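Each chain, written out:
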Amino acid sequence: MSTDVADRILSRLREWGVECVFGYPGDGINGLLAAWGRADDQPRFIQSRHEEMSAFEAVGYAKFGNRLGVCVATSGPGAIHLLNGLYDAKLDHVPVVAIVGQTARSAMGGSYQQEVDLHTLFKDVASDFVETVTVPEQLPNVLDRAIRTAYARRCPTAVIVPADVQELEYTPPPHAFKMVPSSLDRSSWTAMPSPDALRRAADVLNAGDKVAILAGQGAAGARAEVAEVAELLGAGVAKALLGKDVLSDELPYVTGSIGLLGTRPSYEMMRDCDTLLTIGSSFPYSQFLPEFGKARAVQIDIDPHMIGMRYPYEVNLVGDARATLRELIPLLRRNEARDWFDEICAGVERWTEIMERRAALSADPVNPEHVAAALSPLLPDHAMVTADSGSATNWFARHVRLRGDMRASLSGTLATMGCGVPYAIGAKFAHPNRPAIALVGDGAMQMNGMAELISVAKYRHLWDDPRLVVAVYNNRDLNQVTWELRAMGGAPSFLPSQSLPDVSYAAFAESIGLTGIRVEKPEEVEGAWRAALEADGPVVLDFVTDPSVPPIPPHATWEQIEATATALLKGDADGAAVMKQGLKSKLQEFLPGSPRPGADD
């Protein structure tokens, strides 16, 4: 029996260990779909509601599974729809391969239906490798290189297969002129800096009295080593959001997230340190790093293309974080002076108390900070947490405390809306025996999360642990942009752009066979979380939250807070609800102790 090119694509994916492909059908990939039928659905085809969701699910699968994500789409509009998810992979350095159909070769150049110049379309997002298979003998080299490049460069790549090529009989490349053979193996390798570079880095770190560590997702495989370095040097550890699961938030010297959504102790540590060690992070906001010239600095990153950015580092170590730290640790001296370390730990304790007070403040009807804070101690062991982009990210960043082997991620660099639910679906296929929780704003939920709940209902029976909880912050407002307008421009909320329809997400969940719980009172929050986490299937929690709770940045002065409140109370066209809440008083409650807190508060 002959084998088509499409059959060979699927068999090669299986040989590479690919177990799931996230996609949506279309006639541009009919050859592949027929091959899936002949292959008994191996690798498993996971049908999303939209190709963008297929790409997001592949990203979530790759992030949480530490493996290759694969998505597939038809020609023309299907390929176009993949772009946002693939850009998410590109900017967060995630290995994803997109396999897309194309108009038959005989029709190309003829303005045929769904004919799009896919090379031009993908040349930026898949800049490391994009290629079209035009003859069967070309297939193994193109597909293998796409997979190997995605792994090696931690990026999205694209393989374009015209519809007619998918149905051609497969013949391998012969031992002949102008043929390119290929091979399957991808032996692991580890980049290491030179001994001299390691010694120079150790000299810088050993000379520091006030050492700060910034850990990103590149440090995820070096948890024990990062903790050992921090304890040796008496350092605090701030985490970029993509590195939120690198270290447990229960460690007393972990200051939490950094940046606009960061914590006060992270801000103060970077402001006051004299030495900075950055591990596996390309955190872009240099204003949250030490003043230039104030701190000596060392960076560790596996990608030489990303090294030496964001700060004037004195030593740049190109290498795998875990392997590099293991070589560096013997060169480090224990810092016996613990004043700096103790100061960091005390700052973390103060911040924890402030966050507890903020979460306990009254709101109308539910304080969104209370929603995240109530979840944190209830998180199951081995939980996987996703967060969508928007004000929900603030509460995830500051209130959700990870511990043990918990995993968490979000769209870090692209910061795209709509990734929270598909990320959770991808995570469930990567680890069907672990619970997943998605924290999603109502804007992202209306954008595409509701449709993707249908995918949750469709595939729930495949997961050994049936728990997938989608928590919706239902505040009827595109809240992050609303607060940006108020804080940055002192402008009232522009209702035509910001207000959202009030949707019953719990009722929608019930309508498709999931469990839905609507929460309208603060005393119901903890019970709702407990019920969802104890359920025997997916649950949607519809938290009706107060849009007037401000995501105050960690470095905000009281004058900035007061100016924002004044602008709100004076000018908001829909200010009645905000004024009723007495936002100015609420902000004063946030920093209790005096009517006008001092800088140290």
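Residues numbered from 1 in each chain as written. Predicted model: local features only at pLDDT ≥ 70, side-chain atom pairs only at ≥ 80, totals over all residues. Heavy atoms only, no water.

With respect to the confidence of the model for the protein
Short version of the rule: Values of pLDDT, the confidence the predictor places in each residue, fall between 0 and 100. What makes two residues a contact is simply this: any of their non-hydrogen atoms within 4.5 Å.
Of all residues in the protein, 91% have pLDDT values of 70 or greater, and the mean over the chain is 91. Under a pLDDT of 50 for its full length, residues 571-601 has, in the predicted model, 58 contacts with residues more than four places off or in other chains.

Quick look at the state of the cysteines
Note the following rule: When two cysteine sulfur atoms are found within 2.5 Å, that pair is recorded as a disulfide. When a residue's accessible area, from a 1.4 Å probe over protein chains only, is under 20% of the maximum for its type it is buried; when over 50% it is exposed; and in between it is partly exposed.
Tallied over the entire structure, the rule returns 0 disulfides. There is no disulfide at Cys71, and the cysteine sulfur nearest it, in Cys155, is 13 Å away. A relative accessible area of 4% places Cys155 in the buried class.

Here we look at the sheet that holds strand β11 (residues 296-301)
Note the threshold: For two strands to pair, DSSP has to find at least two bridges joining them. Every helix listed is a DSSP run of H or I at least four residues long, and every strand listed is a run of E at least two residues long, numbered separately from the N terminus. For every element, the axis is a line fit to its C-alpha atoms; helices are fit only across the contacting stretch, and the angle between N-to-C directions ranges from 0 to 180 degrees.
On the basis of which strands lie adjacent, the open sheet formed by 6 strands has the order β9-β8-β7-β10-β11-β12 and parallel pairing. Lying at the two open borders of the sheet, with one neighbouring strand each, are β9 (254-257) and β12 (315-318). Taking the axes of each pair of neighbouring strands and ignoring which way they run, one obtains an average angle of 15° across the sheet. When strand β7 (residues 211-215) meets strand β10 (residues 275-279), the two strands line up parallel, connected through 5 bridges. Residue pairing for β10: Ile213 is matched across the bridge by Leu277. Against the sheet, helix α9 (residues 195-206) touches β7, β10, β11 and β12, its axis set at about 135° to β12.

As for unusual backbone geometry
A cis geometry characterises the amide bond from Gln42 onward to Pro43, with omega recorded as 0°. Tracing the chain through its elements places Pro43 in the loop between α2 (30-38) and β2 (44-47). A cis amide bond, omega 0°, links Asp364 with the succeeding residue Pro365. Along the polypeptide, Pro365 turns up in the loop between α13 (339-360) and α14 (368-375). Even without a glycine there, the phi angle at Asp40 is positive, about 55°. For Asp40, a relative accessible area of 63% gives the class exposed. A positive phi is found at Lys178, a non-glycine position, where the angle reads about 65°.

Structural notes on the packing of aromatic side chains
For any pair of aromatic rings, the description rests on two quantities: the centre-to-centre distance and the angle between the ring planes. What counts, and what does not: Put simply, two rings from Phe, Tyr or Trp (the six-membered ring, in Trp's case) pair if the centres are within 6.5 Å, and we call them stacked under 30 degrees between planes, edge-to-face over 60, tilted for the rest. Consider the ring centre and the ring normal. A charge sits over the ring if Lys NZ or Arg CZ is within 6 Å of that centre and within 35 degrees of that normal.
In the structure shown here, the tally under the stated rule is 11 aromatic pairs. Ring centres 5.8 Å apart and planes at 65° place the aromatic pair Tyr311 and Tyr313 in the edge-to-face group. Seen from their ring centres, Phe429 and Tyr459 are 5.5 Å apart, and the 75° between their planes marks the pair as edge-to-face. Placement of the pair is Phe429 in helix α16 (residues 420-430) and Tyr459 in helix α17 (residues 442-459), with a sequence separation of 30 residues. Taken as a pair, Phe429 and Tyr459 share a single burial class, namely buried. An aromatic cluster of three or more residues is present, and its members are Phe22, Tyr61, Phe429, Tyr459 and Trp463. Positioned above the aromatic ring of Phe396 is the side chain of Lys244, whose terminal nitrogen or guanidinium carbon lies 5.3 Å from the ring centre. Here the guanidinium or amino end of Arg338 rests over the ring plane of Phe341, the centre of that ring lying 5.2 Å away.

What to know about the sheet that holds strand β4 (residues 96-102)
Reading across from one edge, β2-β1-β3-β4-β6-β5 is the order of the 6 strands in this open sheet, with parallel pairing throughout. The open sheet has two edge strands, β2 and β5 (130-132), and neither has a second partner. Neighbouring strand axes in the sheet, compared pairwise and without regard to direction, differ in orientation by 25° on average. Of the pairings in the sheet, the one linking strand β1 (residues 20-23) to strand β3 (residues 69-73) comprises 2 bridges and is parallel in character. By the bridge assignment, Phe22 is partnered in β3 with Cys71.

Observations regarding helix α11 (residues 264-272)
Definition in use: Think of it as the arc spanned by the lines of direction from the helix axis to the C-beta atoms.
Turning to α11, its buried residues number three or more, namely Pro265, Ser266, Met269 and Met270. Along the long axis of α11, the arc covered by the buried residues comes to 130°, so they all point the same way. Against β7, β8 (236-239), β9, β10 and α13 lie the buried residues of α11.

As for the side chain of Ser281
Heads up, the rule is: Distance and chemistry together define a polar contact, namely a pair of N or O atoms within 3.5 Å, with one atom able to donate a hydrogen and the other to accept it when in protein, and with adjacent residues in sequence counting only for side-chain atoms on both sides.
With respect to the secondary-structure elements, Ser281 resides in the loop between β10 and β11. Looking at Ser281, the relative accessible area reads 6%, which means it is buried. Among the polar contacts made by the side chain of Ser281, one reaches the main-chain amide nitrogen of Phe283 at a distance of 3.1 Å. Other than its neighbours up to four places away in sequence, Ser281 contacts Leu214, Ala215, Gly216, Ala240, Gln299 and Asp301.

Re the pattern of salt bridges
As a reminder, the rule being used: By definition, a salt bridge exists where a carboxyl oxygen of Asp or Glu is found within 4 Å of a side-chain nitrogen of Lys or Arg.
Under the counting rule described, the total for this entry stands at 26 salt bridges. One salt bridge in this structure joins Arg153 and Asp128, with 3.2 Å as the shortest N-O distance. On the criterion of sequence distance, the pair formed by Arg153 in helix α7 (residues 139-153) and Asp128 in the loop between α6 (118-122) and β5 is long-range, its members being 25 residues apart. Taking relative accessible area as the criterion, Asp128 reaches 31% and is therefore assigned partly exposed. Salt-bridge contacts for Asp465 lead to Arg467; the nearest nitrogen and oxygen are separated by 2.7 Å. The exposure classification of Asp465 matches that of Arg467, with both residues buried. Salt bridges linked by common partners bring Arg8, Arg12, Glu15 and Asp144 together as one network.

Notes on the pairing of strand β17 (residues 515-519)
Heads up, the rule is: Note on handedness: a clockwise path from strand one over the helix to strand two, with the strands aimed away from the viewer, defines a right-handed crossover.
Looking at chain direction, β17 and strand β18 (residues 539-544) are connected through 5 bridges and run parallel. What sits directly across from Arg518, in β18, is Asp542. Traced from β17 through helix α21 (residues 525-533) to β18, the parallel crossover comes out right-handed.

Section: the packing of α13 against helix α15 (residues 391-399)
The following threshold applies: Roughly parallel refers to an angle under 35 degrees, roughly antiparallel to one over 145, roughly perpendicular to one between 65 and 115, and oblique to any angle outside these ranges. In this classification, the charged set is Asp, Glu, Lys and Arg, the nonpolar set is Ala, Val, Leu, Ile, Met, Phe, Trp, Tyr, Cys and Pro, and all remaining amino acids, among them Gly, are polar.
At a closest axis distance of 11 Å, the pairing of α13 and α15 adopts a crossing angle of 135°. In terms of axis orientation, α13 runs oblique to α15. Contacts from Trp351, Met355, Arg358 and Ala359 in α13 reach Trp395, Arg398 and His399 in α15. In the contact of α13 with α15, the residues fall into 4 nonpolar, 1 polar and 2 charged.

Describing the pairing of β2
Bridge count for β1 against β2 is 4 bridges, and the pairing is parallel. In the strand pairing of β2, Cys20 is matched with Arg44. After leaving β1, the chain enters α2 and then returns to the sheet as β2, a path that is right-handed.

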